[in-house]
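# Coordinate analysis (summary)
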Amino acid sequence: MELKVLGQDNAAPQGGCSSGTCGSSEDGMGHLPDAVREKVHNHPCYSEEAHHFYARMHVAVAPACNIQCHYCNRKYDCANESRPGVVSELLSPDQAAKKVLAVASEIPQMTVLGVAGPGDPLANPERTFATFREIYAKAPDIKLCLSTNGLALPDHVDEIEALKVDHVTITINCVDPEVGAKIYPWVFWNNRRIKGAKGAKILIERQQKGLEMLLERGILVKVNSVLIPGVNDEHLKEVSRIVKAKGAFLHNVMPLIAEAEHGTFYGVMGQRGPSKQELSDLQDACAGDMNMMRHCRQCRADAVGLLGEDRGQEFTLDKIEAMDIDYEAAMNKRANVHAGIEAHRDALRAEKELADGHETLLAPLGTPPARIAVTTKGGGVINEHFGHAKEFLVYEASPEGIRFIGPRKVENAYCVGPDVCPDGAEKGTVLDAILDSLSDCSAVVSAKVGIEPWSQLEAAGITPNGAYAMDLIEDAVKGMYGDLVDQGWSAKDLHVQAAS
Amino acid sequence: MALSIIESCVNCYACEPLCPSQAISLSGQHFLIDGTKCTECDGDYADPQCAEICPIEGAILNAAGEAINPLGSLTGIPPFKMAQAMAEIQAR
């Protein structure tokens, strides 16, 4: 199968759009077979376009794990942190099903339920499949997904198929046991803890076998990889080649998150995560081989809502108990809301197609590219204030078009509450973190930018802009690029950023 | 002859289904081993299953009260490194 590469087509025809988020093929996924596109078109985690409109949730029903990864600490349990494998509240399958039905009723944009931990879903098969069975019976319109390290995967492919779980994510960080020995200290296999390369070899074989079995049955497989500088960075190019050749439809390279306070091996031993540029360079290198995913938010195992948000606190067990839900009515409401979203997406697409025929270069050929950050609350438009944003979506504009680079999360929004801005030293710290996360950007486009951060952004070489409020993200990025070119901005060398 | 689980257990449920004697149950704050049922997997497995899968160093003790998985044995973090990192965090 010939895979067209998303957003990497630097030799795009003049006047065409080379963006991963625009163009006449839906979501830049035009190269995928129709059946696959149909399956992913409203899946926020798999379709970059869909993630502006549709919501997902994870339920934390799977606490046990059958391997140890050096980026994971099984003691972790925290309400204020956002990382994979972190949860606040473990649920029984019954509680989880109740929570899913409550969320799907309150947030009708929801299309997807995933089980992703906090351990490995397939190391807890009874709990995971009991949850799926109940959802499948009561809300058959909800898509079911699971994410696994792959060790137990070959044993459960039949059940995955029977429950119509048609999206599985396998985390594959290596295909070489020697590399694996630096990532996985042990696996539990055939009633024994097996350490080092021997254990890693078993894990790798099971992952590859599980991948092949799923693909034979037509189940969609995405591969996640954690980019660990100096451990598997170069090696991931080979991983990408192999999983693509076997038929995985998407490869998601995520940055290692490692801090000493997490108590993980990598955190304590001082292993660093990749820089923004290292991540995007490796994604580009792998994209030479296949469809890459760049909008991943590395969600908690109990996240709820649109990808950029987490509304988990609205759905704690006591709050769910108090809710009275009519499944039938909720499902009808979802169908209506989804139809509305699709009509809106169709209209946007039609508009785009019309415009594509007339589009010219965004700037004279040879103009350097610029990275532009935007803030959104969803819906694919600029509708979030700078001060309220806890994440920024970064795009790269060049004369031929725009492409999505990835999200940048910050721990704290600049403003504390709707009308409360931080003061004193705290303000500086919060803004510094934001400026740091946007260091490769030449502009930030928000629905509104306050006077104080405005001047700080300018001083940091990032042009603030509030003129594109409520415009489509894509139009705003193109417009902002034009503005920068008109102003004769001084372009940032995007490869120098790798050093920072 | 029995093993025990202590309060550093994180309630991950991994051990419970593996026990050939159904000696493990969630009780109060964490999982516990019923000393009257535990056989240390003698006759069933080469190694006690709970201690083989447990991800938490020090959480499972042998009959002599010693950690079956001592500090550093599962994560690979040398204990002095962990102590150093924790001291640095405390000092901040």
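Quick caveat: nothing in here was measured; it's all calculated off a predicted structure. (Residues numbered from 1 in each chain as written. Chains lettered and ligands numbered in written order. Predicted model: local features only at pLDDT ≥ 70, side-chain atom pairs only at ≥ 80, totals over all residues. Heavy atoms only, no water.)

### Quick word on the overall build of chain B
Each helix and strand in chain B was counted, giving 2 helices and 4 strands. Start at the N end of chain B and walk to the C end: the helices and strands fall as β-β-β-α-β-α. For chain B, the residues scored as buried account for 37% of the 92 residues in total. A fraction of 44% describes how many contacts in chain B between residues 6 or more apart in sequence connect residues 24 or more apart. Of the roughly 4900 Å² that chain B leaves accessible, carbon and sulfur atoms contribute 53%. (Helix = DSSP H or I, 4+ residues; strand = E, 2+ residues; numbered from the N terminus. Buried < 20%, exposed > 50% of the residue type's maximum accessible area, 1.4 Å probe, protein only. Contact = heavy atoms within 4.5 Å. Areas by Shrake-Rupley, 256 points an atom, 1.4 Å probe, with all protein chains shown as cover.)

### Here we look at the overall build of chain A
Counting its regular elements, chain A contains 14 helices and 15 strands. A total of 500 residues make up chain A; the buried ones form 59% of that total. In chain A, once contacts between residues fewer than 6 apart in sequence are set aside, the share between residues at least 24 apart is 73%. Within the structure as shown, chain A displays about 19700 Å² of accessible surface, and the carbon and sulfur contribution to it stands at 51%.

### Re the sheet that holds strand E14 (residues 441-445) of chain A
Residues and elements named next belong to chain A. Across the sheet, 5 strands lie side by side as E13-E12-E11-E14-E15; this open sheet has mixed pairing. Across the chains shown, the open sheet's two edge strands, defined by having one partner strand only, are strand E13 (401-409) and strand E15 (463-465). Taking the axes of each pair of neighbouring strands and ignoring which way they run, one obtains an average angle of 25° across the sheet. Those strands touched by helix H9 (residues 276-287) are strand E11 (370-374) and E13, and its axis lies near 135° from that of E13. Taken strand by strand, helix H14 (residues 473-487) contacts E11, strand E12 (391-398), E13, E14 and E15, and its axis lies near 135° from that of E11. (Pairing = 2+ DSSP bridges. Axes fitted to C-alpha atoms, helices over the stretch in contact; angles between N-to-C directions.)

### Description of the interface of chain B and chain A
In this complex, chain B contributes 28 residues to the contact, which on the side of chain A involves 23 residues. Here chain B is connected to chain A by 7 residue pairs in polar contact (both at pLDDT 80 or more). Of all elements in the fold, only helix H1 (49-53) and helix H2 (79-91) of chain B reach the threshold of two or more residues within the side of chain B that touches chain A. Residue contributions to the side of chain B that touches chain A peak at 5 residues, all from H2(B). Of the residues in the side of chain B that touches chain A, the class split is 18 nonpolar, 6 polar and 4 charged. (Polar contact = N/O pair within 3.5 Å; in protein donor to acceptor, adjacent residues only side chain to side chain. Nonpolar A, V, L, I, M, F, W, Y, C, P; charged D, E, K, R; others polar.)

### Remarks on the confidence of the model for chain A
Looking at chain A as a whole, its pLDDT mean stands at 84, while 86% of the residues score no less than 70. Within the model, pLDDT remains below 50 along residues 1-28 of chain A, and this stretch shows 71 contacts once partners closer than five positions in the same chain are excluded. (pLDDT = per-residue confidence, 0-100.)

### Re the sheet that holds strand E2 (residues 67-68) of chain A
All names here are of chain A. Strand order in the open sheet formed by 3 strands is E2-E6-E7, and the pairing between neighbours is antiparallel. The open sheet has two free edges, formed respectively by E2 and strand E7 (192-195), since each of these has just one partner strand. Pairing of strand E6 (residues 186-189) with E7 involves 4 bridges; the strand directions are antiparallel. Within the sheet, the bridge partner assigned to Phe-188 lies in E7 and is Arg-193. Running over the sheet, helix H6 (residues 196-216) touches E2, E6 and E7 and is turned about 105° from E7.

### Some points on the pattern of salt bridges
Residue and element names in this part refer to chain A. Applying the stated criterion across every chain yields a total of 23 salt bridges over all chains. Between Asp-284 and Arg-403 there is a salt bridge, and its shortest N-O distance comes to 3.1 Å. Of this pair, Asp-284 sits in helix H9 while Arg-403 sits in strand E13, and the two are 119 residues apart along the sequence. Residue Asp-284 is classed as partly exposed on the basis of its relative accessible area of 22%. The buried category is assigned to Arg-403, whose relative accessible area is 11%. Note that Arg-345 and Glu-342 form a salt bridge whose closest N and O atoms lie 3.1 Å from each other. Of the two residues, Arg-345 and Glu-342 both sit in helix H11 (residues 327-356), 3 residues apart, roughly one turn of that helix. Residues Arg-345 and Glu-342 agree in their burial class; the two are buried. One network of salt bridges, in which partners are shared, links Asp-284, Arg-371, Glu-396, Arg-403, Arg-408 and Asp-440. (Salt bridge = Lys/Arg side-chain N within 4 Å of Asp/Glu carboxyl O.)

### Considering the side chain of A:Ser225
Residues and elements named next belong to chain A. Tracing the backbone through its elements, the reader meets Ser-225 in strand E8 (residues 220-227). Its relative accessible area of 0% is what places Ser-225 among the buried residues. Looking at Ser-225, its side chain comes within polar contact range of the main-chain oxygen of Ile-172, at 2.7 Å.

### Describing H6(A)
Between the first and last C-alpha of H6(A) there are 31 Å, a value that for 21 residues agrees with the 30 Å anticipated at 1.5 Å per step. One or two positions beyond H6(A), positive phi appears at A:Gly218, with a value near 75°. (Expected span 1.5 Å × (residues − 1).)

### So, the pairing of strand E1 (residues 55-58) of chain A
All names here are of chain A. Burial along E1 is two-sided: Ala-55 and Met-57 and Arg-56 and His-58, pointing in opposite directions, are all buried. For E1 and strand E3 (residues 110-115), the ladder comprises 4 bridges, and the chain directions are parallel. Each bridged residue has a counterpart across the sheet, and for His-58 the counterpart in E3 is Gly-114. With 2 bridges joining them, E1 and strand E10 (residues 304-305) adopt antiparallel strand pairing. Looking at the pairing, Arg-56 lines up with Gly-305 of E10.

### Describing the nonpolar core
Residue and element names in this part refer to chain A. Of all hydrophobic cores here, the largest spans 55 residues; its most connected members are Val-59, Met-110, Leu-113, Phe-132, Ile-160 and Leu-214. Element by element, the count of residues in this core is highest for helix H2 (residues 93-106), at 7 residues. In terms of nonpolar packing, the next biggest core, distinct from the first, is built from 26 residues, Ile-183, Val-231, Leu-256 and Ala-260 among them. (Core = buried A, V, L, I, M, F, W, Y, C linked by side-chain atoms within 4.5 Å.)

### Describing unusual backbone geometry
Even without being glycine, A:Lys164 reaches a positive phi, approximately 55°. Examined against the element boundaries, A:Lys164 turns out to sit in the loop between helix H4 (153-162) and strand E5 (167-171).

### Quick word on the packing of helix H3 (residues 125-138) of chain A against H4(A)
When two helices pack together, their arrangement is captured by the angle between the axes and the distance separating the axes. Residues and elements named next belong to chain A. At their nearest, the axes of H3 and H4 sit 11 Å apart, and the two run at 10° to each other. Here H3 is positioned roughly parallel relative to H4, judged by the angle of their axes. Each of Pro-125, Phe-129 and Arg-133 in H3 lies in contact with H4, whose residues at this interface are His-156, Glu-159 and Ile-160. The residue inventory of the contact of H3 with H4, partitioned by class, reads 3 nonpolar, 1 polar and 2 charged. (Parallel < 35°, antiparallel > 145°, perpendicular 65-115°, else oblique.)

### Examining the environment of A:Ala123
Residue and element names in this part refer to chain A. Structurally, the position occupied by Ala-123 is in the loop between E3 and H3. On a C-alpha basis, the gap between Ala-123 and Ala-62 in space is 7.5 Å, while along the polypeptide they are 61 residues apart. Apart from residues lying up to four places away in sequence, Ala-123 is in contact with Ala-64, Cys-65 and Asn-66.

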